[in-house]
Amino acid sequence: MSLAISNETSTLRETHIRSLEKLLNLNQNVDELEKDPNYKSEFPIWKVLIFDKSGSDTISSVMRITELRKHGVTVHMNITSSRQPIADVPAIYFVQPTEENVEYIIDDLSKGLYESAYVCFSSSIPRSLLEKFAELASKTNTSHMINQVYDQYLNYVVLESDFFSLQLPGVFHTIHSPSSDDALIENTIQSTVNRLFSVIVTLGTIPIIRCPQGSAAELVARKLNQRLKDHLMNTKDVFGTLNPKIRPLLILLDRTVDLVPMINHSWTYQALIHDTLNMHLNRVILESVDEGKVSKQSYDLNGSDYFWEANANKPFPEVAENIDEELTRYKNDANEITRRSGASSLEEFNADAFTDSTYLKAAVSLLPELTARKQLLDMHMSIATTILKAIKERHLDDFFQMEDNVTGLNKSAILSCLEDKDKGTPDDKLRFFIIWYLSVDTVPGADLQAYEEALVNNGCSLEALNFVKRVREITKMTMLASSTTRPMANQPGDNIFGGFSSLSSKFTDRFKEAGIGGLENIISGVKNLIPFRKDGTITSIVQSLMDPGSSSVSKQTESYLVFDPKASHASSDPRGMNKRQIFNEAIVCVLGGGNYLEYGNLMDWAKEQNPPKHITYGSTDVQSPSQFMNEMASLS
């Protein structure tokens, strides 16, 4: 797959979807197909899609079943499942290049399950495995059934417009565990390079790479730099003609540069869902109990959800207000249709009651849109209710407020929080304490002992804290001072955290209409909070590297290495390259875990720049606070 130049900046999700659409159309460019006058009569070609778990995750995070059908996919199945023959249609295999998957494909073709095969490996297939694939096809006399074999470079997942996960769990543990041998570390680094290379292929440009010295990020940077150099030398594509003025910066960082965002109690809608509802690959599963029976309902949160797109990174109280406004707008639109038709509700809508044919046509066309809006709002109301209950039960507003001003807390306030048995879970308390511990300069030994006793007495296990003690000095050296901006009086941001008291009556009424009661008691206990805007350490690092002259922390990143895959060997010394270049686009990848809080912080900063910056953020794996706490605990 070659890299293509785009005249305007697209999001990673947009380019990722285009790559998947091309795959689903037998590796033909969809835009060119649609220009074909015979397109509607000849396309889409009906086909079967076969994937492994990796391929399923890649597709399901950005496409729904209806979108698959649009591109001719009538059936989709896992490669390990028992499948019946569908002999008159081709099959697309979207799988990892493994020996097991190759054998599955050959077995399917030997049984004549499908007319032909279009084999799309999610990453580059090793030559030895490709040769074995050809040998098996020859032995089974199925070579003529294989129409294509492609390296798709799509072995990662896109979660938001510019947020990706390399789907490599356990990298933080591997890098920091004394028990990890050289072979395991080397394999982890190589896997990271391979998947990050795929992200770069999708984006279609060659970045300039920056990273700190003496770190796992440096190991990845050196290998990735060489991989890109080799690709430029050995592949006839557009790499050589790329405009250097539009090249992005690729910033590689280790998770230890700042541990705090991984365990923060956040207040944005998206981060709260990830923390309280264990969102995975944009899917949330809610449990409800009715007469002793537990039922589960799954919801997908993705780019096709207009409310999610507009509110994911907003403070939760503002989201609650927006749900109320959207419900009011929906109710007014629905009332207008029912009023004109004489029906008491949309369900009783009767087209025959209309005398105005023009309005009838408009009303009928609005019904599907209104139904879809109602379903989305019902979903977000259910999610918001569950979050509100978690806030009340765990006192998440208290933890957020304390962490927002963590360095201003004294010993008495900290012990009061740790010893309050009604406030939060043991995990919440330990997260809060680790954030405080990483944020202050010194902690007297006697005080630390008192804090640890309070934690243990309230059910906390100290394994994660023991690991943090070991890396505290390293982390504190890399954590940068955050710039804080208070909301200005009488400005739109002033009431963002006007709290739930101002909206409780309206919000409660809306939930009562939906049959959700008891919300008054939940809302009444949630505090009035006005947060400060803070740029996290990684956001400060990104600012200093993208625009060195504008950042107060640029001196702290001047020692970062520079790698240019397009530079000649004679000028490839990373110490002598230009470090003062200004960039408008950047890719940020954190080795060892990332999350929605950090992503949102970067997006907010990028939008505030003039002109706005374009940042793509990702990590080896996306982890909730509890998952990351468990990973740190495993290293104690």
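Residues numbered from 1 in each chain as written. Predicted model: local features only at pLDDT ≥ 70, side-chain atom pairs only at ≥ 80, totals over all residues. Heavy atoms only, no water.

Enquirer: Sorry if this is basic, but what is going on with the overall build of the protein here?
Expert: Per the secondary structure count, the protein includes 26 helices and 16 strands. For the protein, buried positions account for 52% of its 636 residues. Once local pairs closer than 6 in sequence are excluded, the contacts in the protein between residues at least 24 apart make up 79%. As displayed, the protein has an accessible area near 29100 Å², and 49% of this comes from carbon and sulfur atoms. (Helix = DSSP H or I, 4+ residues; strand = E, 2+ residues; numbered from the N terminus. Buried < 20%, exposed > 50% of the residue type's maximum accessible area, 1.4 Å probe, protein only. Contact = heavy atoms within 4.5 Å. Areas by Shrake-Rupley, 256 points an atom, 1.4 Å probe, with all protein chains shown as cover.)

Enquirer: So what exactly am I meant to see when it comes to the pairing of strand S4 (residues 117-121) here?
Expert: A regular strand places its side chains on the two faces of the sheet in alternate fashion. Here S4 lies mainly inside the structure; five of its five residues are buried. Here S4 shows two buried faces, one formed by Ala117, Val119 and Phe121 and the other by Tyr118 and Cys120. Note: strand S3 (residues 91-95) against S4, five bridges, orientation parallel. Each residue of the ladder has a partner; that of Phe94, found in S4, is Cys120. Once the chain exits S3 it traverses helix H6 (residues 99-110) before rejoining the sheet at S4, and the crossover so formed is right-handed. Relative to strand S5 (residues 146-151), S4 is paired through five bridges, and the arrangement is parallel. Among the inter-strand pairings, Val119 is bridged to a residue of S5, identified as Val149. The handedness of the S4 to S5 crossover, carried by helix H7 (residues 127-139), is right-handed. (Pairing = 2+ DSSP bridges. Right-handed = clockwise from strand over helix to strand, strands pointing away.)

Enquirer: Honestly, the packing of aromatic side chains in this entry has me stumped. Any pointers?
Expert: Any aromatic ring pair is given by two values, namely how distant the centres are and how the planes are angled relative to each other. Within this structure, the stated rule accounts for 17 aromatic pairs. Where Tyr153 meets Phe197, the ring centres are 5.4 Å apart and the plane angle is 70 degrees; that geometry is what we call edge-to-face. Remark: Phe197 occurs in helix H9 (residues 182-203) and Tyr153 occurs in the loop between S5 and strand S6 (157-160); sequence separation between them is 44 residues. Taking the relative accessible area as the measure of exposure, Tyr153 reaches 8% and is therefore buried. Residue Phe197 is classed as buried on the basis of its relative accessible area, which comes to 0%. Here Phe399 and Phe432 contribute two aromatic rings whose centre-to-centre distance is 6.3 Å and whose plane-to-plane angle is 65 degrees, an arrangement assigned as edge-to-face. With Phe399 in helix H16 (residues 396-404) and Phe432 in helix H18 (residues 426-439), this pair connects stretches of sequence that are 33 residues apart. (Phe/Tyr/Trp six-rings, centres within 6.5 Å; stacked < 30°, edge-to-face > 60°.)

Enquirer: Got a minute to help me understand the side chain of Glu631 in this structure?
Expert: Relative to the helices and strands, Glu631 resides in helix H26 (residues 625-633). Lacking a salt bridge, the buried Glu631 has Arg255 as its closest oppositely charged neighbour, with an N-O distance of 9.9 Å. Excluding residues that lie within four positions of it along the chain, Glu631 makes contacts with Gly170, Val171, Phe172, His173 and Gln623. (Lys, Arg positive; Asp, Glu negative; His and termini not counted. Salt bridge = Lys/Arg side-chain N within 4 Å of Asp/Glu carboxyl O.)

Enquirer: What's the story with the packing of helix H23 (residues 537-546) against helix H25 (residues 596-608) in this structure? I'm lost.
Expert: Two measures define how a pair of helices packs: the angle their axes make with one another and the distance between the axes. At their nearest, the axes of H23 and H25 sit 9 Å apart, and the two run at 40 degrees to each other. With respect to H25, the axis of H23 lies oblique. Every pair of crossing elements has a handedness; the one defined by H23 and H25 is right-handed. In contact with Ile538, Thr539, Val542, Gln543 and Met546 of H23, H25 contributes Glu598, Asn601, Leu602 and Trp605. Looking at the contact of H23 with H25, its residues break down into five nonpolar, three polar and one charged. (Axes fitted to C-alpha atoms, helices over the stretch in contact; angles between N-to-C directions. Parallel < 35°, antiparallel > 145°, perpendicular 65-115°, else oblique. Left-handed = near helix turned anticlockwise from the far one by under 90°. Nonpolar A, V, L, I, M, F, W, Y, C, P; charged D, E, K, R; others polar.)

Enquirer: I tried to follow the sheet that holds S6 on my own but got confused; where do I start?
Expert: In a beta sheet, neighbouring strands pair by backbone hydrogen bonds and run either parallel or antiparallel. Spatial ordering of the open sheet is given by S6-S7-S16-S15-S9-S8-S14, a layout of seven strands whose pairing is mixed. The outermost strands of the open sheet, each flanked by one partner alone, are S6 and strand S14 (561-563). Taking each pair of neighbouring strands and ignoring which way they run, the sheet shows an average axis angle of 25 degrees. Strand direction decides the pairing type here: strand S9 (residues 249-254) and strand S15 (residues 585-591), joined by six bridges, are parallel. Across the sheet, the residue bridging to Leu250 is Ile587, located in S15. Lying over the sheet, H25 contacts S6, strand S7 (163-165), S15 and strand S16 (614-619), oriented at roughly 170 degrees with respect to S16.

Enquirer: Teacher, can you tell me more about the pattern of salt bridges here?
Expert: Two side chains bearing opposite charge may form a pair once their charged atoms approach each other closely. A full pass over the atoms with the stated rule returns 23 salt bridges. For Glu186, the salt bridge is made with Lys223, and the minimal N-O distance between the two is 3.0 Å. Here Lys223 lies in helix H10 (residues 216-234) and Glu186 lies in helix H9, a separation of 37 residues in the sequence. Taking the relative accessible area as the measure of exposure, Lys223 reaches 30% and is therefore partly exposed.

Enquirer: Explain the side chain of Asn282 here, please?
Expert: Following the sequence through the fold, Asn282 ends up in the loop between helix H12 (269-277) and strand S10 (283-290). A polar atom in the side chain of Asn282 sits 3.5 Å from the backbone oxygen of Ser61. (Polar contact = N/O pair within 3.5 Å; in protein donor to acceptor, adjacent residues only side chain to side chain.)

Enquirer: How do you make sense of unusual backbone geometry when you look at a structure like this?
Expert: Across residues other than glycine, the phi torsion is negative in most instances, and most of the peptide bonds are trans. With an omega of 0 degrees, the peptide bond between Asn610 and Pro611 qualifies as cis. Secondary-structure assignment places Pro611 in the loop between H25 and S16. A positive phi angle, near 55 degrees, is found at Asn141, a position not held by glycine. Here the phi dihedral of Asn282 falls at roughly 65 degrees; this positive angle occurs in a residue that is not glycine.

Enquirer: Would you take a moment to explain the state of the cysteines for this structure?
Expert: Covalently bonding the sulfur atom of one cysteine to the sulfur atom of another cysteine gives a disulfide. Applying the stated rule across the entire model yields zero disulfides. The thiol of Cys460 is unpaired, and the distance to the nearest cysteine sulfur, on Cys417, comes to 9.5 Å. (Disulfide = S-S within 2.5 Å.)

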